[in-house]
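The residues making up each chain are set out below.
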Amino acid sequence: MRITASRIPVAIGLFVTWMVVTWALEGRIETFLRPDAVFDRVLYAVVANLLIGVVGATCAIRWLWRTGAIRLLDAGFGPASRTVAAVICGATLGFALYVAQGAPSLNLVVIFNAYLQVLVVSTAEILVCWSVVATVVDARLRHRGRLIAIVVGSGCASALFGLYHYAHSAPFNTIGMVALLTLVGLATSIFFFVSQDVYGTIVFHNFLGTYGVVHALKASAVLDSFTTLQIPLMTMAIVTTAALIAADRFWLRRAEAAAPSWPPA
């Protein structure tokens, strides 16, 4: 691999931009604590997560691939057969963990709505922290041994994932919550490096966030608000998923197909 240290600042720069914009549009004005702030919620989801977290991250991945720093497979964009297997495993394991933690609700509509709510940010989290940062660190240190590269890459991605939540409103912007979410990130790191698939990792990771949302709804005694299908949440989740698939198919895979050898000339 022609990876150099210059690629790491690019990955960190993407993360910092994403975190700062998240703070500006969510944590600074406590968007999550204002249920009536519909416009602010949509603005945060679109700008911080869809534009920077999904579009920005896939642009960074393509650039890293074009410069010979990483393979698309390293970033989790592998063959369709791998994706199908990873998605099935991610859904099965993720739901099992949701139940094992106590399952605040087993109402499938509640779980589905909560899953939709966190899917946008989960997609951005996986792309920025794992497909970009963890992959670049892994590639940079691979000459020191595969195990060391994976351990350090996992640690960096998990720590940044935890730190990212400090840009949010309460209760996420506390040291204790950041530490807890860093540990949660380690589980995601294991799944990412074992599966080598971004879609399966998103499915798995999103169940971890779903548990947090349903638990918070139950603690606030507002679970009833999620017992009917939330069309706005479904719309945003569909748009995010479609954006990722489109970027993958028409931005990443098309470029890879046009360059049969790697690194690309």
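From a predicted model like this one, the values you see are computed outputs, not experimental measurements.

Asks: Can you walk me through the side chain of T210 in this structure?
Replies: With respect to the helices and strands, the residue T210 is situated in helix α7 (residues 198-219). For T210, the side chain forms a polar contact with the main-chain oxygen of N206, separated by 2.8 Å. Those residues in contact with T210 that lie beyond four places of it in its chain are Y98, I111, A114, Y115 and V118.

Asks: Help me understand the packing of aromatic side chains, please; the structure alone is not making it clear to me.
Replies: Describing an aromatic ring pair means giving the distance of the ring centres and the angle of the ring planes. For the structure on display, the rule yields 10 aromatic pairs. Ring geometry for W18 against Y164: centres 3.7 Å apart, planes inclined by 10°, an arrangement best described as stacked. With W18 in helix α1 (residues 7-27) and Y164 in helix α5 (residues 146-164), the pair connects residues that are 146 residues apart, well separated along the chain. Overall, the relative accessible area of 0% leaves Y164 in the buried class. Among the aromatic residues, those joined into a cluster by ring pairs are F95, Y98, Y115, F207 and Y211.

Asks: Sorry, what's going on with the packing of α5 against helix α6 (residues 175-195) here?
Replies: Contact geometry of α5 with α6 gives a least axis separation of 7 Å together with a crossing angle of 140°. Between α5 and α6, the angle falls in the class oblique. Crossing angle aside, the handedness with which α5 passes α6 is right-handed. Side by side, α5 and α6 meet where I150, G153, S154, A157, S158, A159, F161, G162 and L163 of the first sit next to V178, L181, T182, V184, G185, L186, S189 and F193 of the second.

Asks: I'm lost on the pattern of salt bridges in this one. Help?
Replies: Opposite charge on two side chains makes pairing possible when the charged atoms of those side chains draw close. Per the stated rule, a full pass over the model turns up 4 salt bridges. A salt bridge links D74 to R71, with the nearest nitrogen and oxygen atoms 2.9 Å apart. Of the residues examined, R71 reaches a relative accessible area of 33% and is grouped as partly exposed. Linking R142 and D138 is a salt bridge whose minimum nitrogen-to-oxygen distance equals 2.4 Å. Here R142 falls in the partly exposed class, since its relative accessible area comes to 24%.

Asks: Please clarify how the nonpolar core should be interpreted in this entry.
Replies: Side chains of a nonpolar character, in soluble globular proteins, are inclined to be buried together. In terms of nonpolar packing, the biggest core is built from 73 residues, with F15, W18, I61, F77, L127, W130 and V132 touching the most fellow members. Broken down by secondary-structure element, the contributors of at least two residues to this core are α1, α2 (38-66), α4 (108-141), α5, α6, α7 and α8 (231-257). Per-element tally for this core: the top contributor is α4, with 22 residues. Residues contacting F77, with those up to four places away along its chain left out, are I61, L72, L127, S131, V198, Y199, L244, D248, L252 and R253.

Thresholds applied
- Residues numbered from 1 in each chain as written.
- Predicted model: local features only at pLDDT ≥ 70, side-chain atom pairs only at ≥ 80, totals over all residues.
- Heavy atoms only, no water.
- Helix = DSSP H or I, 4+ residues; strand = E, 2+ residues; numbered from the N terminus.
- Polar contact = N/O pair within 3.5 Å; in protein donor to acceptor, adjacent residues only side chain to side chain.
- Contact = heavy atoms within 4.5 Å.
- Phe/Tyr/Trp six-rings, centres within 6.5 Å; stacked < 30°, edge-to-face > 60°.
- Buried < 20%, exposed > 50% of the residue type's maximum accessible area, 1.4 Å probe, protein only.
- Axes fitted to C-alpha atoms, helices over the stretch in contact; angles between N-to-C directions.
- Parallel < 35°, antiparallel > 145°, perpendicular 65-115°, else oblique.
- Left-handed = near helix turned anticlockwise from the far one by under 90°.
- Salt bridge = Lys/Arg side-chain N within 4 Å of Asp/Glu carboxyl O.
- Core = buried A, V, L, I, M, F, W, Y, C linked by side-chain atoms within 4.5 Å.

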